[in-house]
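Understanding the architecture of this molecule
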Amino acid sequence: MKFNIHLIAAARPNFMKIAPLYHALSKQPWAIPVIVHTGQHYDLNMSDVFFQDLKLPAPHIHLGVGSGSHAEQTGQVMMAYEKILLDTRPDMVIVVGDVNSTMACTVAAVKLPENGGQQKDGKKLRRPLVAHLEAGLRSFDRTMPEEINRLVTDALADVLWTPSPDGDENLIKEGVDAVKIQRVGNIMIDSLEMLRSSIGSQNAYKGLNVQPGNYGLVTLHRPSNVDDPQILQRLCNALINISKKVPLVFPIHPRTRKHIENLDLLPKLEQEKQLLISEPINYIRFMNLVFNCQFALTDSGGIQEETTYLGIPCLTLRPNTERPITINQGTNQLCTLNNLEDHVNAMLSTRKPGKPEIEFWDGRTAERVVKSIKSLLR
Ligand code: UD1
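The text that follows walks through the structure, step by step, so that each part is easy to find. (Residues numbered from 1 in each chain as written. Predicted model: local features only at pLDDT ≥ 70, side-chain atom pairs only at ≥ 80, totals over all residues. Heavy atoms only, no water.)

Attention shifts here to the side chain of aspartate 166. Relative to the helices and strands, aspartate 166 resides in helix 6 (residues 165–173). Of the buried charged residues, aspartate 166 lacks a salt bridge, with arginine 183 as the closest side chain of opposite charge at 7.7 Å. The residues contacting aspartate 166, other than those within four sequence positions of it, are Gly136, Leu137, Glu322, Pro324 and Ile325. (Helix = DSSP H or I, 4+ residues; strand = E, 2+ residues; numbered from the N terminus. Buried < 20%, exposed > 50% of the residue type's maximum accessible area, 1.4 Å probe, protein only. Lys, Arg positive; Asp, Glu negative; His and termini not counted. Salt bridge = Lys/Arg side-chain N within 4 Å of Asp/Glu carboxyl O. Contact = heavy atoms within 4.5 Å.)

The structure is reproduced here in structure tokens:
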């Protein structure tokens, strides 16, 4: 008997989370992994190039939802995915991370009506099991759309696969039944390890005219940093100041670019010789830039984890993080716009932190997830 397993992919960070699992499930005689792309990220450089780098086939199902307000995007994904669920009746739905599509697909799947009249392989049709990979992370900041997505997803999913002990603790404190929780580790590290040699063989920094170990890598896209014109203006000024001391490589997220263009700030940034701005970069080249940078300055969740795994200093421009393990390990520090430049100065004059060892951040998370799926669907 074969089980149909939907892997929900929606936005850039999701692709690195489903790829190792897709490859591991493809090798199992009992599993039919089906990639469902909601279309939340649709630009070539936000989606297709990640499928190529991660050796994923084109999505088996594409919902083509695109951008919109939170309610529009969430509602469109729910409506489109419910139709697919009714048509295809998967045995399991796996959602990853914390984007709007993660929550939307979870809600659609857990509310799928049972269909007692119909049979599939001699069995009564049931709603699919819903599993959340990267469960339990909490910033405790409900102004972040991702925190709402995490809370709703974890409240509804049947299986909660966590990356680190804080995830287990948060879920237990919220009253989740311990039998639902399984610590499997960090799936992003599987993608990094899967492609380590390709990443290492790139020289992405060369084309940018920076030296390995002598530039900062910047990614910023959180609404709290880029949506408010005053904040964005100050942020751009801070980047210009920092780039006078150390070159900065800054691949600009579409959300950020849109706001920078609205403020007509792009020419000002472009004229800075050591502020190297570009379009978003594909996974393998981007990770090569991470491997070789002196430090990262980010508001992304994934980059906090990847730098921690690699022992690279990271400054996170946020008042909080849902990934406290990156702070405890000494690689990541939170900062604000007021103290950003001081933090960079301090970082440039201190030694690199060591490479921490975190249980289950080992490139074998997909293996543990496959084992878990097998026991759940048996
Ligand atoms: C989303 C996720 C965030 C994740 C991030 C990674 C939510 C609430 N947020 O934020 O958790 O860290 O992805 O990138 O789900 N756009 C394009 N091309 C694209 C995709 C988006 O131009 O391919 C534009 C949209 O038109 C929109 C903006 O980027 O104006 C934001 O896209 P959206 O998916 O809503 O959220 P992100 O900010 O990317």
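The 6 strands lie next to each other as 12-11-10-13-14-15, forming an open sheet whose pairing is parallel. Whereas interior strands pair on both sides, the edge strands pair on one side only; in this sheet they are strand 12 (275–278) and strand 15 (332–334). Each neighbouring strand pair of the sheet contributes to a mean axis angle of 20 degrees, computed without reference to strand direction. With 3 bridges connecting them, strand 14 (residues 314–316) and strand 15 associate as parallel partners. Counterpart to leucine 315 in the pairing with strand 15 is glutamine 333. (Pairing = 2+ DSSP bridges. Axes fitted to C-alpha atoms, helices over the stretch in contact; angles between N-to-C directions.)

Further remarks concern the site of the ligand. Residues in close proximity to the ligand total 21 residues, the closest being His41, Ser67, Glu146, Arg255 and Lys258. Between the ligand and histidine 253, the relevant distance is 2.9 Å, taken from an oxygen atom to a side-chain nitrogen or oxygen of the residue. At 2.7 Å, a side-chain N or O of arginine 255 approaches an oxygen atom of the ligand. Considered on its own, the ligand offers 740 Å² of accessible surface; in the complex 89% of this is hidden by protein. Elements represented by at least two residues in the shell around the ligand include exactly helix 3 (70–88), helix 5 (145–156) and helix 12 (254–262). Residue contributions to the shell around the ligand peak at 3 residues, all from helix 12. Residue classes in the shell around the ligand are distributed as 7 nonpolar, 8 polar and 6 charged. (Near = heavy atom within 4 Å. Polar contact = N/O pair within 3.5 Å; in protein donor to acceptor, adjacent residues only side chain to side chain. Areas by Shrake-Rupley, 256 points an atom, 1.4 Å probe, with all protein chains shown as cover. Nonpolar A, V, L, I, M, F, W, Y, C, P; charged D, E, K, R; others polar.)

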